[in-house]
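# Examination of the molecular architecture
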Amino acid sequence: MFKLYWPEWTRDPEQLRRLKLLEKVPLFAGLSRRQLGKLLVKLFEKEYGAGEAIFLEGEPGKALFIVLDGKVSISRAGQGGEHRLATLGPGAYFGELALIDDLPRSATARADEPSALLILYKSHFDDLIEGHSTIAIRVMGNLLKALAGYVRTAQTAGASHNS
């Protein structure tokens, strides 16, 4: 009976692959398949070539990115050039602070190899959560957990540098 109400697009193998990827993204933990489906229709897919910049440090943040295929490096400018902070593969997300504000990006994101990304623009996220408070509460709660983790990591790193 459930399948009668499930959207037609779920029969598309590529959409099912995206849905299964979203199920593994920590930012969307706790969302039902139906809620993930509502989120999935708000995502835009874009391909990037090897070495292509996804966004640059200092640019305003407008979207969250999820790696569908490929690898992405996150780096920050420092003395002697860019310093790699992380390399992300399928299922990883970045740029999540853009869902909260449009402050300048704190790092640069670049495709290490041909990559496909799912993009959630802040305006689309705002439209989605306006009518779906359960989705909003879950995603914002997960975002707060991630931010708390970043703060703890920064505090630990700062404490070890001060020793």
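Preceding block: the structure.
What comes next is a walk through the structure.

Parameters at a glance
Note on numbering: residues in each chain are counted from 1, in written sequence order. Predicted model: local features are reported for residues with pLDDT of at least 70 only, side-chain atom pairs are reported and counted for 80 or more only, and whole-chain, interface and lining totals are derived from all residues. With hydrogens and water set aside, each side-chain value is computed from the structure's full complement of heavy atoms. Each helix corresponds to a stretch of at least 4 residues labelled H or I by DSSP, and each strand to a stretch of at least 2 residues labelled E; elements are numbered beginning at the N terminus. For the radius of gyration, the atoms used are the C-alpha atoms, and the globule rule reads 2.2 Å times the number of residues raised to 0.38. Think of it in three bands: with a 1.4 Å probe and only protein chains considered, a residue is buried below 20% of the maximum accessible area for its type, exposed above 50%, and partly exposed in between. Charge counting treats Lys and Arg as positive and Asp and Glu as negative, with His and both chain ends excluded. Charged groups are reduced to one reference atom each: NZ for lysine, CZ for arginine, CG for aspartic acid, CD for glutamic acid. Any Lys or Arg side-chain nitrogen located within 4 Å of an Asp or Glu carboxyl oxygen qualifies as a salt bridge. Between N-to-C directions, angles span 0 to 180 degrees; the directions come from axes that are lines fitted to C-alpha atoms, helices contributing only their stretch in contact. Any angle that falls under 35 degrees is termed roughly parallel, while one over 145 is termed roughly antiparallel, one within 65 to 115 roughly perpendicular, and all others oblique. By definition, turning the near helix anticlockwise from the far helix through less than a right angle yields a left-handed crossing, and turning it clockwise yields a right-handed one. Contact between two residues is taken to exist if any of their heavy atoms lie within 4.5 Å; hydrogens are not considered. Here, nonpolar core means buried Ala, Val, Leu, Ile, Met, Phe, Trp, Tyr and Cys residues that are tied together by side-chain atoms lying within 4.5 Å of each other. Two strands pair if DSSP finds at least two bridges between them.

## A word on the overall build of the protein chain
Per the secondary structure count, the protein chain includes five helices and eight strands. Computed over C-alpha atoms, the radius of gyration of the protein chain comes to 17 Å, within 12% of the 15 Å expected from 2.2 N^0.38 for 163 residues, which places it in the range of a compact globule. Reported as C-alpha extents along the three principal axes, the dimensions of the protein chain are approximately 60 × 35 × 25 Å. Within the span of the protein chain, comprising 163 residues, buried residues form 38% of the whole. Distance between charge centroids for the protein chain: 7 Å, based on 21 positive and 19 negative side chains.

## Focus on the pattern of salt bridges
For the structure on display, the rule yields eight salt bridges. Across the pair arginine 17 and glutamate 14 runs a salt bridge, and its minimum N-O distance is 2.9 Å. Of this pair, arginine 17 and glutamate 14 both sit in helix 2 (residues 13–23), three residues apart, which is roughly one turn of the helix. In this structure, arginine 18 and glutamate 45 form a salt bridge, with 2.4 Å as the shortest nitrogen-oxygen distance. With a gap of 27 residues between them, arginine 18 in helix 2 and glutamate 45 in strand 1 (residues 44–48) connect regions that are remote in the sequence. Given a relative accessible area of 13%, arginine 18 falls into the buried group. The network of salt bridges with common partners includes Glu14, Arg17, Arg18, Glu45 and Asp69.

## Overview of the packing of helix 2 against helix 3 (residues 33–40)
When two helices pack together, their arrangement is given by the angle between their axes and by how far apart the axes lie. Their axes nearest at 10 Å, the elements helix 2 and helix 3 cross at an angle of 115 degrees. What the angle tells us is that helix 2 and helix 3 run roughly perpendicular. As for how helix 2 packs across helix 3, the hand of that crossing is right-handed. Where helix 2 abuts helix 3, its residues Gln15, Arg18, Leu19, Lys20, Leu22 and Glu23 lie against Arg33, Leu36, Gly37, Leu39 and Leu40.

## A closer look at the nonpolar core
Note that soluble globular proteins tend to have their nonpolar side chains buried in a common cluster. Counting 28 residues, the largest nonpolar core has Leu22, Leu27, Phe28, Leu64 and Ile66 as the members making the most contacts within it. Listing elements by their share of this core, those giving two or more residues are helix 2, helix 3, strand 3 (63–69), strand 8 (115–121), helix 4 (122–131) and helix 5 (133–162). At six residues, helix 5 tops the list of elements feeding residues into this core. Discounting chain neighbours no more than four positions away, the residues touching leucine 64 are Leu27, Phe28, Tyr93, Phe94, Gly95, Glu96, Leu99, Leu118, Ile119 and Leu120.

## Topic: the sheet that holds strand 4 (residues 72–78)
Strand order in the open sheet made by the four strands is 2-7-4-5, with antiparallel pairing throughout. The open sheet has two edge strands, strand 2 (53–55) and strand 5 (81–88), and neither has a second partner. On average, each strand axis in the sheet is inclined to that of its neighbour by 35 degrees, with strand direction left out of account. Taken together, the two bridges between strand 2 and strand 7 (residues 108–111) define a ladder with antiparallel strand orientation. Bridge pairing in strand 7 places alanine 53 opposite arginine 110.

Structural measurements only, silent on function.
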